[in-house]
Amino acid sequence: NGVEELFIEEDITIDCFCIAEDYLYYSAYIRKGGSGADYSKIFRKSLKEDKKREKVHDEFGGRIWQMYYCQENNQIYGNYTPKNWTNNHGEIVVIDPAGKMSYLNGSEQRSVRETTGNDTLEFVMMRDNQVYCYWKDYQWEKGKEPEILWRDVIVIPNGSRIRIKD
């Protein structure tokens, strides 16, 4: 139904994707702003019907690097770098099927340890309304491969979120 050609036909860079229910969801890098900011959009393509892609969420700053579907609550979680052009600081983004986006507010959990400001969260799983993540801090310089300094595990309540503008 055209899904196999999706990656060739798109005039954009697809950073990541996942299957949720009957759709292939993907985050696409769409442009670089004047200040060097990266912008992305979320799309989906039906796996059952031969339809055009649908925009799920409008343009937002940053990039999503991995996406994971959680059947338990019918939401997609992703490893998100909101300002990847200035630092390596990462959050866990949450996308619902209607396209509403937020990220987990882990500031309280992160305050227990000093970081470089280039720390990231990587989604592991969601269980009993708690999101388990790897928390990693990096030595980061623009244009160079980040070097990991330390890693830990962090648990953030799934309901503790900050909304991303539509």
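Here the structure is a predicted model, which is why all the values come from computation and not from measurement.

**Thoughts on the nonpolar core**
Then, number 1: Ranked by internal contacts, the top residues of the largest apolar core, which has 16 residues, are Tyr 25, Ile 64, Met 67, Ile 95 and Met 101.
Then, number 2: Listed by contribution, the elements that provide at least two residues to this core are β1 (13-20), β2 (23-32), β4 (54-61), β5 (63-70), β6 (75-81) and β7 (91-95).
Then, number 3: Broken down by element, this core gets its largest block of residues, three residues, from β1.
Then, number 4: Residue contacts for Ile 64: discarding those within four places in its chain leaves Asp 15, Cys 16, Ser 27, Ile 42, Gly 78, Asn 79, Tyr 80, Val 93, Ile 95 and Met 101.
Then, number 5: Within the second largest apolar cluster, 14 residues are counted, among which are Leu 121, Phe 123, Trp 135 and Trp 150.

**Quick look at the packing of aromatic side chains**
Then, number 1: Summed over the entire model, instances satisfying the criterion amount to six aromatic pairs.
Then, number 2: Where Tyr 77 meets Phe 123, the ring centres are 4.8 Å apart and the plane angle is 15°; that geometry is what we call stacked. A residue pair is termed long-range when its members are at least 10 positions apart, and Tyr 77 in strand β6 and Phe 123 in strand β9 (residues 120-127) qualify at 46 residues.
Then, number 3: Residue classification places Phe 123 among the buried residues on the basis of a relative accessible area of 11%.
Then, number 4: Each residue in the set Tyr 68, Tyr 77 and Phe 123 is aromatic and connected to the rest through ring pairs, giving one cluster.
Then, number 5: Seen from the ring of Tyr 23, Arg 44 lies directly overhead, with NZ or CZ sitting 3.8 Å from the centre.
Then, number 6: Arg 53 extends its terminal NZ or CZ atom over the ring of Phe 43, reaching a point 4.1 Å from the ring centre.

**Here's the deal with the pattern of salt bridges**
Then, number 1: Evaluated as defined, the whole model comprises 12 salt bridges.
Then, number 2: Of the charged contacts, one joins Asp 38 and Arg 63 as a salt bridge, the two residues approaching to 3.8 Å between their closest N and O atoms. Residue Asp 38 is located in strand β3 (residues 38-46), and its partner Arg 63 is located in strand β5; the two are separated by 25 residues in the primary sequence. For the pair shown, Asp 38 and Arg 63 are each scored as buried.
Then, number 3: The closest approach of N and O atoms between Lys 55 and Asp 58, which form a salt bridge, is 3.6 Å.
Then, number 4: Classification of Lys 55 as partly exposed rests on a relative accessible area of 47%.
Then, number 5: Within the structure, one salt-bridge network assembled from shared partners comprises Asp 15, Lys 32, Asp 38 and Arg 63.

**Some details on the sheet that holds strand β11 (residues 147-157)**
Then, number 1: What the three strands build is an open sheet, ordered β9-β10-β11; its pairing is antiparallel. A single partner strand is all that each edge strand has here, and the edge strands are β9 and β11. Taken pair by pair, the neighbouring strands of this sheet meet at an average axis angle of 20°, ignoring direction.
Then, number 2: Two elements, β9 and strand β10 (residues 130-139), share seven bridges in a ladder whose sense is antiparallel. Looking at β10, one finds that Glu 122 is bridged to Tyr 134.

**Here we look at unusual backbone geometry**
Then, number 1: Of note in the backbone geometry, Glu 21 takes a positive phi value of approximately 55° without being a glycine.
Then, number 2: In this fold, Glu 21 is placed in the loop between β1 and β2.
Then, number 3: Of the residues examined, Glu 21 reaches a relative accessible area of 53% and is grouped as exposed.
Then, number 4: With a phi close to 65°, Asn 129 is a non-glycine residue in the positive phi region.
Then, number 5: In this fold, Asn 129 is placed in the loop between β9 and β10.

Rules behind the numbers
In every chain, residue numbers begin from 1 and rise along the written sequence. Two thresholds apply to this predicted model, a pLDDT of at least 70 for residue-level local features and 80 or more for giving and counting side-chain atom pairs, whereas whole-chain, interface and lining totals are computed over all residues. Values shown for side chains rest on all heavy atoms present in the structure; no hydrogens or waters enter the calculation. To qualify as a nonpolar core, a set must consist of buried Ala, Val, Leu, Ile, Met, Phe, Trp, Tyr and Cys residues joined through side-chain atoms within 4.5 Å. Burial classes: relative accessible area under 20% of the type maximum marks a residue as buried, over 50% as exposed, and values in between as partly exposed (1.4 Å probe, protein chains only). Put simply, DSSP H or I for four residues or longer makes a helix, DSSP E for two residues or longer makes a strand, and each gets a number counted from the N terminus. The contact definition used throughout considers only heavy atoms, calling two residues in contact when any of these lie within 4.5 Å. Side-chain rings of Phe, Tyr and Trp (the six-membered ring for Trp) are treated as a pair once their centres are within 6.5 Å; stacked means planes under 30 degrees apart, edge-to-face means over 60, and tilted covers the remaining angles. The rule for a charge over a ring is simple: NZ of Lys or CZ of Arg within 6 Å of the ring centre, and within 35 degrees of the ring normal. Each reported salt bridge corresponds to a side-chain nitrogen of Lys or Arg within 4 Å of a carboxyl oxygen of Asp or Glu. In short, DSSP must find at least two bridges between two strands for them to pair. For every element, the axis is a line fit to its C-alpha atoms; helices are fit only across the contacting stretch, and the angle between N-to-C directions ranges from 0 to 180 degrees.

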